[in-house]
Amino acid sequence: MELALILGISVFGLLFAGFYLIPNVLKRDQGTPAMQEISNAIKQGAEAFLSRQNKTIAYMAIALACLIYILYAFVREPNPHDPVDASGLALWTTLSFVLGAACSVASGYMGMWVAIRSNIRTAAAARTSMNGALQTALRGGAVSGFFVVALSLLGVAGLFAVVDAAGVTTDMTKIPLLIVGYGFGASFVALFAQLGGGIYTKAADVGADLVGKVEAGIPEDDPRNPAVIADLVGDNVGDCAGRGADLFESTAAENIGAMILAAGLYRANTEYFEANALTLLGVILFPLVARAFGILASIVGILMVKTNETEDPMKALNRGYFVAAGLAMVGFYVASKWLLGEHYFNFFLCGVIGVVASIAFVSIRQYYTEYKYRPVQSIAEASQTGPATNIIAGIAIGMESTGYPILVISASIISAYFLGSSSGLHDAGLFGTAVATMGMLGTAAYILAMDTFGPITDNAGGIVEMSHQPEEIRQRTDRLDSVGNTTKALTKGYAVGSAALAAFLLFGAYIDEVRNYMPGFEGVINLNKPEVFVGALLGSVLVYLFSSLAIKAVGKAAYAIINNVREQFKNNPGIMAGTSKPDYGQCVDIATKAALRKMVLPGLLVVGMTVGVGVIFKWIYYAGGKLPSGASGAEVIGGFLMAGTITGILMALFLNNGGGAWDNAKKYIETGAFGGKRSEPHKAAVVGDTVGDPFKDTAGPSLHVLIKLLATLTLVLAPLFI
């Protein structure tokens, strides 16, 4: 029954998106011919980029799938504790990897496909009412949310059902170990989607801002700027497709990690569960059941959103979120009581902790990135003495902003672990933290709808600006764009918070998996061993090298776009005079080629370094005769994963919050503070914003994926390191 419920709700979520939301958005007015011309240019650029990016990712994914099969089937020595024989392990790990990658690509593409058709309809709806524009943008964004969450659940539950029905193994607790490749495939695609989209969008944004705003003194989204279409395309390929793939891999990886811990919980409490007629299947599928109820809660939340001409649209979005969160908690309560027996209440409270933690992360992010608060105002104030002091203040705020989130993460993990441990079940502490992560992700569909709402409204504002619509319409889209900037910023806080909690969940799943293959393993990662300490150092430095490559990629791509924009202004004076159109396609092509070229190396660095560290230290361990003071490859990778995760969380917080604070310091000055637009402080703030762009939209979001990719990669390849 549990499996049928999960599959049924997942299919219902897809049907709701495909047969209600998409037709509801597409039937709406598409505006004037001038608006449609701009929208079509954005659509063509986004689809061309994503098509080329997906081909590049497909080649790499196929090569990696072949490598995984060869390593498992022919290179690795079979372990007596393997869930199935070598050929079966190779086959199911590879198949789940390919399916995870394919579903991740599909969910990202569907989200962007609808977003690039929602922007024109949002702009057209703004001509008549605020409510129409708000609902168009949110429902367009919700398609991405439901495809991501429902496909993730459908993929994991479907794989589980197929493996079980095929009789691959008689021990159901081993099935999650056979399908961990699904999470790895999703993470692999997400890394390149987020990197490629992030490089594209920020290269175009930096090029458009530096030449357009600073040098030429023209407004944002001015049709005279040759990079403006590339900038609008970037909002879709980075914030829609990239973030969709990011949250898809989050949900997929956490689902499987929680299932592995649930299997361990059942093994440790078999007598209790059997005595209370609680099945192994129900316990293992509890995380998926709880997440499935979250889909239903998010549907209600989306349908509840409506506003009027005078209300702040953010209030309407918040109402929908709180409705979705409240209903998700009701669903969590039902799932806990149904599947976990008399000790359910502690685990229900763990889910509540996850929800509270997500709200805390969003609030902290808001404090550090909105210009009505002290951090952003201090950066704007520092801009009065030039770009240097602006950058110094921004870096300091970014570093400061790591403090409160770490306290929230710490309190959440300890509280959930304590509640799990004190539930009355044996070895339930780690499972308690897994449940907290499930609680945080309960409203993931609604959160992703709010996130995709941002680029849709941004594009709508650009279309209205470039098609010279009346001031009244611009005021509506400006209000929505302002709300969209807030939702994009807040969901970054949510994403890094969920990544942090998920990292601990997945680390626990890794320890459980190693125990399965090495029953003598004590589950302790000892940093006092030199090999483990070195592994930890390598995990930390990986984060810095990866961030460096991502930021440099934006700089090099932006350099090419800046030169192209300058050249077009110089060679065609009619552009600035408004008598001739710029060649938007040149900037789109430059950004596309640069993004696809530069996204490969950082991704390969992550995979190559992780595999290299595990295999090399495994060889050192066995070459040394398994000395008592030595550490196995699996233990060294544990240190690598632990340090890489901690460093990645801190770096992501610094980059996301620092970049967001720089951005809003510029916007604060544009409201009239410290001289307003075109003043010297404004020029300094634009420089700071330009520095922060690759921080908050390329390297920072990509680190969310890196954190979880490290975990899923080590889960999949753990048998190779033992």
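Everything below is about the structure printed above this text.
Since we're looking at a predicted model, the values are computed, not measured.

**Q** I keep staring at the environment of Ala-290 and nothing clicks. Help me out?
**A** You can see Ala-290 is positioned in helix 9 (residues 280-304). Looking at Ala-290, the relative accessible area reads 4%, which means it is buried. Note: C-alpha distance between Ala-290 and Asp-239 (51 residues apart in sequence) is 27 Å. For Ala-290, the residues in contact, after removing those within four places along its chain, are Phe-332 and Ala-335.

**Q** Explain the nonpolar core here, please?
**A** Considering soluble globular proteins, one finds that nonpolar side chains tend to be buried as a cluster. Phe-146, Tyr-200, Ile-229, Leu-317, Phe-431, Tyr-446 and Tyr-510 are the most contacted members of the largest nonpolar core, which totals 255 residues. The greatest single-element share of this core, amounting to 22 residues, is contributed by helix 7 (residues 228-268). Beyond its immediate sequence surroundings of up to four residues, Tyr-446 is in contact with Leu-138, Ser-298, Gly-301, Ile-302, Val-305, Ala-316, Leu-317, Gly-320, Tyr-321 and Ala-324.

**Q** What is the right way to read the pattern of salt bridges from this model?
**A** As a working rule, side chains carrying opposite charge can pair if their charged atoms are close by. Tallied over the full model, the rule gives 24 salt bridges. One salt bridge in this structure joins Glu-635 and Lys-529, with 3.2 Å as the shortest N-O distance. Linking Glu-635 in helix 22 (residues 633-670) with Lys-529 in the loop between helix 17 (471-517) and helix 18 (530-571), this pair joins segments that are 106 residues apart in sequence. By the burial criterion, Glu-635 is buried, and Lys-529 matches it. One network of salt bridges, with partners in common, ties together Lys-202, Asp-205, Asp-663, Lys-666, Lys-667, Asp-689, Asp-693, Lys-696 and Asp-697.

**Q** What should I look at first to understand a nonpolar patch on the surface in this one?
**A** On the surface, Tyr-69, Ile-70, Phe-74, Val-75, Leu-91 and Leu-95 cluster together into a nonpolar patch covering about 570 Å² of accessible area. If you list the elements that add at least two residues to the nonpolar patch, you get helix 2 (33-75) and helix 3 (86-125). At 4 residues, helix 2 tops the list of elements feeding residues into the nonpolar patch. Counting through the fold element by element, Tyr-69 comes out in helix 2. The partly exposed category is assigned to Tyr-69, whose relative accessible area is 30%.

**Q** What is the right way to read helix 17 from this model?
**A** Because each turn of an α-helix spans 3.6 residues, side chains separated by three or four positions in sequence point in the same direction. Between the first and last C-alpha of helix 17 there are 66 Å, a value that for 47 residues agrees with the 69 Å anticipated at 1.5 Å per step. Within helix 17, 37 of the 47 residues are buried, leaving the element largely enclosed by the surrounding structure.

**Q** Is there a simple way to think about the side chain of Asn-390 in this case?
**A** Looking at the secondary structure, you find Asn-390 in helix 13 (residues 387-400). We classify Asn-390 as buried; its relative accessible area is 0%. Once you skip the residues sitting within four places of it in the chain, Asn-390 turns out to touch Ile-379, Ala-382, Ser-383, Trp-662, Ala-684, Ala-685 and Gly-688.

**Q** So what exactly am I meant to see when it comes to the state of the cysteines here?
**A** Cysteine pairs can be covalently joined through their sulfur atoms, and such a bond is termed a disulfide. This model, assessed by the stated rule, comprises 0 disulfides. Here Cys-103 is not disulfide-linked; the sulfur of Cys-66 is the nearest cysteine sulfur, at 19 Å.

**Q** Just checking my understanding: could you explain the side chain of Thr-307 for this structure?
**A** Structurally, the position occupied by Thr-307 is in the loop between helix 9 and helix 10 (313-340). For Thr-307, a relative accessible area of 13% translates into the label buried. A polar side-chain atom of Thr-307 sits 2.9 Å from a polar atom in the side chain of Glu-311.

**Q** What's the story with the environment of Leu-21 in this structure? I'm lost.
**A** On the secondary structure map, Leu-21 appears in helix 1 (residues 2-26). For the pair Leu-21 and Val-114, spaced 93 residues apart in the sequence, the C-alpha separation amounts to 9.7 Å. Excluding its chain neighbours within four sequence positions, the residues that come into contact with Leu-21 are Phe-16, Arg-139, Ala-142, Val-143 and Phe-146.

**Q** How do you make sense of the packing of aromatic side chains when you look at a structure like this?
**A** Working definition: an aromatic ring pair is given by the centre-to-centre distance plus the angle between the planes. The final tally for this structure, using the stated rule, is 27 aromatic pairs. Centre to centre, the rings of Phe-16 and Phe-146 are 5.3 Å apart; their planes meet at 80°, and the pair counts as edge-to-face. With Phe-16 in helix 1 and Phe-146 in helix 4 (residues 130-165), the pair connects residues that are 130 residues apart, well separated along the chain.

**Q** What exactly am I supposed to notice about the environment of Pro-701 here?
**A** Within the fold, Pro-701 resides in helix 23 (residues 680-721). In this structure Pro-701 comes out as buried when scored by relative accessible area, which is 0%. Taking the C-alpha atoms as reference points, Pro-701 and Gly-493, separated by 208 residues in sequence, lie 10.0 Å from one another. Once residues within four sequence positions are removed from consideration, Pro-701 is found in contact with Gln-194, Arg-243, Asp-246, Lys-492, Asn-656, Phe-695 and Lys-696.

What counts, and where the lines are drawn
- Residues numbered from 1 in each chain as written.
- Predicted model: local features only at pLDDT ≥ 70, side-chain atom pairs only at ≥ 80, totals over all residues.
- Heavy atoms only, no water.
- Helix = DSSP H or I, 4+ residues; strand = E, 2+ residues; numbered from the N terminus.
- Buried < 20%, exposed > 50% of the residue type's maximum accessible area, 1.4 Å probe, protein only.
- Contact = heavy atoms within 4.5 Å.
- Core = buried A, V, L, I, M, F, W, Y, C linked by side-chain atoms within 4.5 Å.
- Salt bridge = Lys/Arg side-chain N within 4 Å of Asp/Glu carboxyl O.
- Patch = residues over 30% accessible without salt bridge, like charges linked within 9 Å, V, L, I, M, F, W, Y side chains within 5 Å.
- Areas by Shrake-Rupley, 256 points an atom, 1.4 Å probe, with all protein chains shown as cover.
- Expected span 1.5 Å × (residues − 1).
- Disulfide = S-S within 2.5 Å.
- Polar contact = N/O pair within 3.5 Å; in protein donor to acceptor, adjacent residues only side chain to side chain.
- Phe/Tyr/Trp six-rings, centres within 6.5 Å; stacked < 30°, edge-to-face > 60°.

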